Amino acid sequence: MSSEESDRSVQLKDEGNLFFKECDYEQALSCYTEALRLSKGDDRVVLFKNRAACHLKKDNFEAAVKDCNEALDLVPNDCKALFRRCQAFEQLERYEEAYRDACLLFKVDPKNAAIQPYLKRLHVRVQELAKQRESIDNKVSQMFQLVFDSTVEREKRIQAVNNCLVLAKERSGAEKMFGEGLYDKFAKLFKSETDPEIILASIRVIAELCRTSLHRTKVLLDKFGAAALLEMLNSKSEQLIHAGQYCIQTMLNVLSDADRKEEDKRERRMLKENKQEIDQIMKCLALAVNKRSFCALGRDAVLELIMKNVDFECLNWGLQLVEVDGIYRILEVASELPEIKYESSIEITESTRAVVAATLQHVYDSLTCDAHRDAFRIKVDEFVKDKLRGPEIQSKVQVTAAITVMLQGPLEVGNYCIAQEGILQMMLVMAGSEDILQQRTAAEAIIAAASKKDKCSSIAGMGTDILKKLFQSSDDGIRVRALVGLCKVGSMGGSDASIRPFADDTQIKLANACRKFLINPARDKDIRKWAAEGLSYLTLDAEVKEELVRDKVAMTALVELAKTGDQSCLYGVVATLVNLTNSYEKQEVMPEMIELAKYAKQHIPVEHEKDAKEFVEKRIRAITELGVVAGLIALSKTQAKNSRELIARVFNAICEFEDLRGAVIQQGAAKILLSLALEGTDKGKMNAAQALARLGISINPEVSFPGQRVSSASLSNRGAFL
């Protein structure tokens, strides 16, 4: 080490000491770290101890232990290093290790008064642990005998396995159970047990054993195998599926260190060190997507696991999913229709296609460069071409269904498919056929394709007559889809009051037609879902907004549809509410730009007089009175970030008015807003944070955010005011 580096190292240490005295631990930590980089001499032990002190102040106890270990490697039995490691171990609840360090320090320095309280406190704690361990040993042995003995009464076995679950939540209990070879016994149990309640509790035990230990997670994954763990999701029981989903997610969280509080500072090192195990689980999930023997609810759970973990800030697994043909498999599910049954059909639920759309969107968003997105589109191309090679009409219907899902998810890719030669024409031919399934599938695709003004113009020119013809069908499913297509084409002017694609009263007539489908409880929920989607386009028109809000029967039906929590209904309902509250994003227009547009004879959007603030406020009050908060809470379980943003926008619009905030709190929406503020799009998180801030300034935070949620709310609110 040069003399300059030595001098600089000493200077940095002194600066760090000053920062530490001033309680600026972040700056002190930075100084000590840089000094360690430069130093090669004896002062390294002091720097490690000083940095450990910073870590203790910042509650980074694992890092403090690591630095104390480094210091003790250089100078064994160093008093300060032992003392600080003892403090860190105690905070980590590693009491026996803390007590060992305290005893060693007392032996080295018997006159050290600072260690006395630790010795007394830790001695008592270690004695308690010893008694607990002795008691746990007996309990575990008894429970094992009951759980794994099929001749024992069912009630006793269930009680025993539930007791195992309680023990697994305690560190000492989990270690004891694991040390007794629990995983071997549970592996055999999963193969032979038939009682669903015992299986459910057993899955929860495995999840708890994994939750607090990377070592146990790796051993259990190796023992069971990812494929066998995935079979936990292949069940008719929602409880078993949710437990299995939680177990697999817990494993992924532990392997990726995803439970760190500061997600933006997550150590990506964990992803590299545990890549083999993570890849094993994710590959099995990808393979299970289109597995014919998998149940429909389990398939939705698999898709949700992929969606939750594929993002860059999670496992960054988007490109791997493309490379292992995961996109092709997901598109196979997207192409499934309940009406088409064949030997190798894939089971799906009412929500599967919506979940697939959200999953594809997450995968596409996780691909951060053009080359990777091109690879995604190539896989889509391969799927479409493979399906269209045969002359069967069924293949054309399935391709159209898959493209519809993409238009609801990664819109850019969906539009790319529509732009391919012959695709849109194929859809229009199908819509004009006499076959109901072709008509229905084509109508859905045409609706989804009319996503932008240029697409709407194209469809208005090519397909409006076909949509009008389909609206005359005797089949309600065809009629309502055609109606939504007409609504979408009719709304291409957006909120611009000066653009009317159809005659002046057509918007109201279309809204009345949607109302008839919506308010009839005898109709299929799928039909009411489509009616809500039609209104989501029409309510860009202020006249329609006012008509709808005055119609309490229709608004009540819309809110009740939201309360079902059905994800397939989410977009139509929430987009309608966003329009009614005018909480959609508005582009700020400078007066100078308006004058410039006038001079250039460019079109200038015109705001409708009924979109003025006083009208918007009346609408917000009306929908809140009808119970819209409960509906938003029911729909908020979605993982789709864009949908979460829409929900946050409506909540923020309601919270703008102080007298409505009480209703938001009373119905438990604060917890939902915290979740929305922490996960979603940037704009969605900002809207949720603003809503939380509004709740916090008008209602006691201890009431608004009970318990530990106050700190989370404060973090979210800070973002709202930046």
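Residues numbered from 1 in each chain as written. Predicted model: local features only at pLDDT ≥ 70, side-chain atom pairs only at ≥ 80, totals over all residues. Heavy atoms only, no water.

Q: Summarise the overall build of the protein; cite the residues concerned and give the values.
A: When its secondary structure is counted, the protein shows 42 helices and 0 strands. The buried share among the 722 residues of the protein stands at 52%. Considering only intrachain contacts with a sequence separation of at least 6, the fraction spanning at least 24 residues in the protein is 68%. If you sum the accessible surface of the protein, you get close to 34,600 Å²; carbon and sulfur atoms cover 50% of it. (Helix = DSSP H or I, 4+ residues; strand = E, 2+ residues; numbered from the N terminus. Buried < 20%, exposed > 50% of the residue type's maximum accessible area, 1.4 Å probe, protein only. Contact = heavy atoms within 4.5 Å. Areas by Shrake-Rupley, 256 points an atom, 1.4 Å probe, with all protein chains shown as cover.)

Q: Account for the pattern of salt bridges, naming residues and giving values.
A: This structure, assessed with the given rule, holds 41 salt bridges. Here Glu15 makes a salt bridge to Arg8, at a shortest N to O gap of 4.0 Å. Residues Glu34 and Arg37 are paired through a salt bridge, measuring 2.6 Å at the closest nitrogen-oxygen approach. One end of the pair, Glu34, and the other, Arg37, are both in helix H2 (residues 25-38), 3 residues apart, so they sit about a helical turn from each other. A relative accessible area of 29% places Glu34 in the partly exposed class. Residue Arg37 is classed as exposed on the basis of its relative accessible area of 54%. Bridged by salt links that share partners, the residues Lys545, Glu546, Glu547, Arg550, Asp611 and Arg619 form one connected network. (Salt bridge = Lys/Arg side-chain N within 4 Å of Asp/Glu carboxyl O.)

Q: Give me helix H4 (residues 61-74): which residues, what numbers.
A: Helix length check: H4 (14 residues) gives 20 Å between terminal C-alpha atoms against 20 Å at 1.5 Å per residue, within 8%. Taken residue by residue, H4 has Phe61, Ala64, Val65, Asp67, Cys68, Ala71 and Leu72 as its buried positions. Seen from one end, H4 has its buried residues packed into an arc of 170°, which puts them on one side. For H4, exposure combined with an orientation more than 90 degrees from the buried face picks out Lys66 and Asp73. Buried residues belonging to H4 abut helix H3 (44-57) and helix H5 (79-91). (Expected span 1.5 Å × (residues − 1). Arc of directions from axis to C-beta.)

Q: Help me get a handle on the packing of aromatic side chains, residues and values and all.
A: The final tally for this structure, using the stated rule, is 5 aromatic pairs. For the pair Phe148 and Phe186, a centre-to-centre distance of 5.2 Å together with 75° between the ring planes defines the contact as edge-to-face. Separated by 38 residues along the polypeptide, Phe148 in the loop between helix H7 (116-147) and helix H8 (154-168) and Phe186 in helix H10 (residues 182-192) bring together distant segments of the chain. Exposure remark for Phe148: the relative accessible area of 25% places this residue in the partly exposed category. Judged by relative accessible area, which is 0%, Phe186 ranks as buried. Taking the centre distance of 5.3 Å and the plane angle of 80° together, the rings of Tyr328 and Phe383 count as edge-to-face. Placement of Tyr328 in helix H19 (residues 326-334) and of Phe383 in helix H21 (residues 370-388) is noted, with a sequence separation of 55 residues between them. The lysine or arginine in question, Arg121, covers the ring of Tyr118, its NZ or CZ lying 4.7 Å from the ring centre. (Phe/Tyr/Trp six-rings, centres within 6.5 Å; stacked < 30°, edge-to-face > 60°. Lys NZ or Arg CZ within 6 Å of the ring centre and 35° of its normal.)

Q: Break down the environment of Tyr416 for me, with residues and values.
A: Looking at the secondary structure, you find Tyr416 in helix H23 (residues 411-419). Since its relative accessible area comes to 26%, Tyr416 is described here as partly exposed. Linking Tyr416 and Val380, residues 36 residues apart in sequence, is a C-alpha distance of 9.9 Å. In contact with Tyr416, not counting residues within four places along its chain, are Arg377 and Asp381.

Q: Report on the side chain of Lys529, specifying residues and quantitative values.
A: Secondary-structure assignment places Lys529 in helix H30 (residues 525-538). Excluding residues within four positions of it along the chain, Lys529 makes contact with Leu561, Ser568 and Cys569.

Q: Mind laying out empty space enclosed by the protein, listing which residues take part and the relevant values?
A: Inspection of the entire model under this criterion finds 3 cavities of 30 Å³ or more. The space that makes up the largest cavity amounts to roughly 40 Å³. Every residue along the wall of the largest cavity is listed here: Leu221, Ala226, Leu229, Leu230, Ile248, Ile281 and Cys284. Of all elements in the fold, only helix H13 (226-230) and helix H16 (275-288) reach the threshold of two or more residues within the lining of the largest cavity. The biggest single contributor to the lining of the largest cavity is H13, with 3 residues. (1 Å grid on protein atoms, 1.4 Å probe; cavity = no way out; pocket = protein on both sides within 12 Å on 5 of 7 lines; lining within 4 Å. Points joined across faces, edges and corners; volume = space filled by probe spheres on them.)

Q: So, the packing of helix H31 (residues 542-550) against helix H35 (residues 613-625): which residues are in play, and what are the values?
A: Contact geometry for H31 and H35: axes closest at 10 Å, N-to-C directions at 35°. Between H31 and H35 lies a crossing of left-handed hand. Each of Lys545, Glu546 and Val549 in H31 lies in contact with H35, whose residues at this interface are Phe615, Arg619 and Ala622. (Axes fitted to C-alpha atoms, helices over the stretch in contact; angles between N-to-C directions. Left-handed = near helix turned anticlockwise from the far one by under 90°.)

Q: Tell me about unusual backbone geometry, residues and numbers included.
A: Backbone geometry at Glu93 places phi at a positive 65°, although glycine is not the residue there. You can see Glu93 is positioned in the loop between H5 and helix H6 (95-108). Phi angles above zero are rare outside glycine, and Asp325 is one such case at about 65°. By relative accessible area, Asp325 is classed as partly exposed at 34%.

Q: So what's going on with the environment of Met430? Residues and values would help.
A: Locating Met430 in the fold gives a position in helix H24 (residues 423-431). Judged by relative accessible area, Met430 falls into the buried class, the value being 2%. When the C-alpha positions of Met430 and Ala443 are compared, they lie 8.7 Å apart, and in sequence the two are 13 residues distant. Leave out the neighbours within four places in its chain, and Met430 touches Lys396, Val397, Thr400, Gln438, Gln439 and Ala442.

Q: Before we move on, could you go through H10 and cite the residues and values that matter?
A: Those residues of H10 that fall on the buried side of the exposure criterion are Leu182, Tyr183, Phe186, Ala187 and Leu189. The arc enclosing the buried residues of H10, seen along the axis, measures out at 160°, which places them on a common side. Those residues of H10 that are exposed and aimed more than 90 degrees away from the buried face are Lys188, Lys191 and Ser192.

Q: I'd like a description of the packing of helix H1 (residues 3-21) against H3, backed by residues and values.
A: Packing of H1 against H3 leaves a shortest axis separation of 11 Å and a crossing angle of 25°. On the basis of the axis angle, H1 is roughly parallel to H3. Crossing of H1 over H3 shows left-handed handedness. Residues Ser9, Lys13, Asn17 and Phe20 of H1 form the contact with H3, whose own contacting residues are Val46, Leu47, Asn50, Ala53, Cys54 and Lys57. Of the residues in the contact of H1 with H3, the class split is 5 nonpolar, 3 polar and 2 charged. (Parallel < 35°, antiparallel > 145°, perpendicular 65-115°, else oblique. Nonpolar A, V, L, I, M, F, W, Y, C, P; charged D, E, K, R; others polar.)

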